[in-house]
Amino acid sequence: MNETVKLLSLATAAPLHVITQEEAAETSARLFSSRLKDFAHLAPVFTNAGIRTRHAARPLSWFTEPHGWQDRMQAYQEEARSLFRRTVTAALDKAGLRGADVDCIVTVSSTGIATPSLDAQLASEIGFRTDVERLPVFGLGCAAGVSGFAIAARLAKARPGATVLFVSIELCTLAFRLDELTRANIIATALFGDGAAACILRAGPEGLAAVESTGEHLFPDTLGIMGWKIDDTGFGIVLAQSLPPFAEKELGPAIDGILGRNGLRRADIDRFICHPGGARVLAALGTALSIPSSALDHERAVLEEYGNMSSPTVLFVLERVLREGLPERAAMIAMGPGFSASCVTLTRA
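A quick note: this is a predicted structure, and the numbers were derived from the prediction, not measured.

Rules of the game
Residues numbered from 1 in each chain as written. Predicted model: local features only at pLDDT ≥ 70, side-chain atom pairs only at ≥ 80, totals over all residues. Heavy atoms only, no water. Helix = DSSP H or I, 4+ residues; strand = E, 2+ residues; numbered from the N terminus. Rg over C-alpha atoms; globule rule 2.2 N^0.38 Å. Buried < 20%, exposed > 50% of the residue type's maximum accessible area, 1.4 Å probe, protein only. Areas by Shrake-Rupley, 256 points an atom, 1.4 Å probe, with all protein chains shown as cover. Lys, Arg positive; Asp, Glu negative; His and termini not counted. Charge placed at Lys NZ, Arg CZ, Asp CG, Glu CD. Polar contact = N/O pair within 3.5 Å; in protein donor to acceptor, adjacent residues only side chain to side chain. Domains from an automatic or database assignment. Contact = heavy atoms within 4.5 Å. Buried area = accessible area lost by both parts, 1.4 Å probe. Salt bridge = Lys/Arg side-chain N within 4 Å of Asp/Glu carboxyl O. Pairing = 2+ DSSP bridges. Axes fitted to C-alpha atoms, helices over the stretch in contact; angles between N-to-C directions. Phe/Tyr/Trp six-rings, centres within 6.5 Å; stacked < 30°, edge-to-face > 60°.

## Quick word on the overall build of the protein
Okay, step 1: Summing up its helical and strand segments, the protein has 12 helices and 13 strands in all.
Okay, step 2: The C-alpha radius of gyration computed for the protein amounts to 19 Å, which stays within 12% of the reference 20 Å derived for 349 residues, consistent with globular compactness.
Okay, step 3: Seen through its C-alpha atoms, the protein measures out along the principal axes to roughly 65 × 45 × 35 Å.
Okay, step 4: Burial statistics for the protein: of 349 residues in total, 59% are counted as buried.
Okay, step 5: As displayed, the protein offers around 14000 Å² of accessible surface, 52% of which is attributable to carbon and sulfur atoms.
Okay, step 6: Charged side chains in the protein number 33 positive and 38 negative. The centres of these two groups are separated by 1 Å.

The following block contains the structure:
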């Protein structure tokens, strides 16, 4: 058997509630302009973010009222189960498989807490076996779409023939805070949306793409760049202004190091598939990796339609690249809390 891990299928989904950027800007102005003196200075982020629409776990009116942990996590459980069901069912159908064919499940999410984990809650409905192995992962943030994919690929490589399901679910909008009169909260309000993706991986001869290599880079002394602060009300965004210039300066050498450890150079990559964290971050990625603007077309399109959904966003981009036709070699890249960078190289199967 060819023991190279292949991506057999990929499915994406988003909540049914759609919020236009104009609606988000108008509502934010109504909620914050009289309480935050810098709001007028920050308001252009809504028009400069490169976002037209976003999907949300709850309708816009829900966000105009105060919420605490209980109703935030109730909303998370309800919508995350729905997205898990939709993406996993679709990915299995595309691969011609059933729930009982899955040997291991890797689920990443950093925007809500579910115990028992989502895979256990839906095990009977989807038909997972009683001996299925489950690995829920929390805390990798935006990088988890690539890092979690890499974890799933390594599990599939360790057990040739085993079917590994990878699921990424994020409900970023549930962290919206009425009480946080900060720049970071306004930026988050303008950027983040909700979505999910599911992948089926297996070591074998056929698939949509072959997983060639994986790697990560943890930048020292960067804990304050991105993450959550947690209090009685819920999650609160930590998002430093230094992120775009940091990415522009530091990402290139980090990716070169990851590729080098796998015997590759940047020149070997025919297309980078990037997590579009925002318009400024996307521009910084282009500069850092010497990517022409035209080569980030799918990234901009996903950002425009969905916003930054955290971990699944890069998989939405991958879906479009696969539809167009994967080049000979591509590299999926995302950055996240830590501060860290993750990279997976894929080759045409």
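## A few points about the environment of Arg 86
Okay, step 1: Topologically, Arg 86 is positioned in helix H4 (residues 69–95).
Okay, step 2: The spatial distance from the C-alpha of Arg 86 to the C-alpha of Gly 127 is 14 Å, given a sequence separation of 41 residues.
Okay, step 3: In this structure the side chain of Arg 86 is engaged in a polar contact, spanning 2.9 Å, whose partner is the backbone oxygen of Ala 14.

## Focus: the domain arrangement of the protein
Okay, step 1: Split by domain assignment, the protein resolves into domain 1 (5–203) and domain 2 (209–348).
Okay, step 2: With 62 residues of domain 1 at the contact, the number on the domain 2 side is 50 residues.
Okay, step 3: Between domain 1 and domain 2, a total of about 4200 Å² is buried, with carbon and sulfur atoms accounting for 63% of that surface.
Okay, step 4: Taken as a group, Trp 69, Cys 142 and Val 146 account for 17% of the area that domain 1 buries against domain 2, more than any other trio of residues on that side.
Okay, step 5: We note a salt bridge from Asp 231 to Arg 177, for which the minimum N-O separation is 2.9 Å.
Okay, step 6: Taken together, the links from domain 1 to domain 2 amount to 24 residue pairs in polar contact (both at pLDDT 80 or more).

## Let's talk about helix H10 (residues 279–289)
Counting along an α-helix, one turn takes 3.6 residues, and residues three or four places apart therefore face a common direction.
Okay, step 1: Inspection of H10 places Val 281, Leu 282, Ala 284, Leu 285, Gly 286, Ala 288 and Leu 289 among the buried residues, and these make up the whole buried set.
Okay, step 2: The inward-facing, buried residues of H10 contact helix H9 (243–261), strand S11 (271–274), helix H11 (297–306) and strand S12 (329–336).
Okay, step 3: Ser 290 lies just past H10 and shows a positive phi near 55 degrees.

## Remarks on the sheet that holds strand S13 (residues 340–348)
Okay, step 1: Strand order in the open sheet made by the nine strands is S5-S4-S6-S7-S1-S8-S13-S12-S11, with mixed pairing throughout. Strand pairing shows two members of the sheet lacking a second neighbour, strand S5 (133–137) and S11, which therefore form its edges. In this sheet, adjacent strand axes meet at a mean angle of 25 degrees when their direction is disregarded.
Okay, step 2: In this structure, strand S6 (residues 164–171) lies alongside strand S7 (residues 194–203), joined through eight bridges in antiparallel fashion. Residue pairing for S7: Val 167 is matched across the bridge by Ala 198.
Okay, step 3: Sheet strands touched by H9: strand S8 (209–218), S11, S12 and S13. Its angle to S13, the strand with the most contacts, is close to 50 degrees.

## Regarding the packing of aromatic side chains
Okay, step 1: As enumerated under the stated definition, the model contains 11 aromatic pairs in all.
Okay, step 2: Relative to Phe 176, the ring of Phe 32 lies with its centre 6.0 Å away and its plane at 80 degrees, an arrangement referred to as edge-to-face. Here Phe 176 lies in the loop between S6 and helix H8 (183–191) and Phe 32 lies in helix H1 (residues 21–32), a separation of 144 residues in the sequence.
Okay, step 3: When its relative accessible area of 15% is taken as the criterion, Phe 176 is described as buried.
Okay, step 4: Judged by centre distance (5.7 Å) and plane angle (85 degrees), the ring pair of Phe 246 and Phe 339 falls under edge-to-face. Of this pair, Phe 246 sits in helix H9 while Phe 339 is found in the loop between S12 and S13, placing the two residues 93 residues apart along the sequence.

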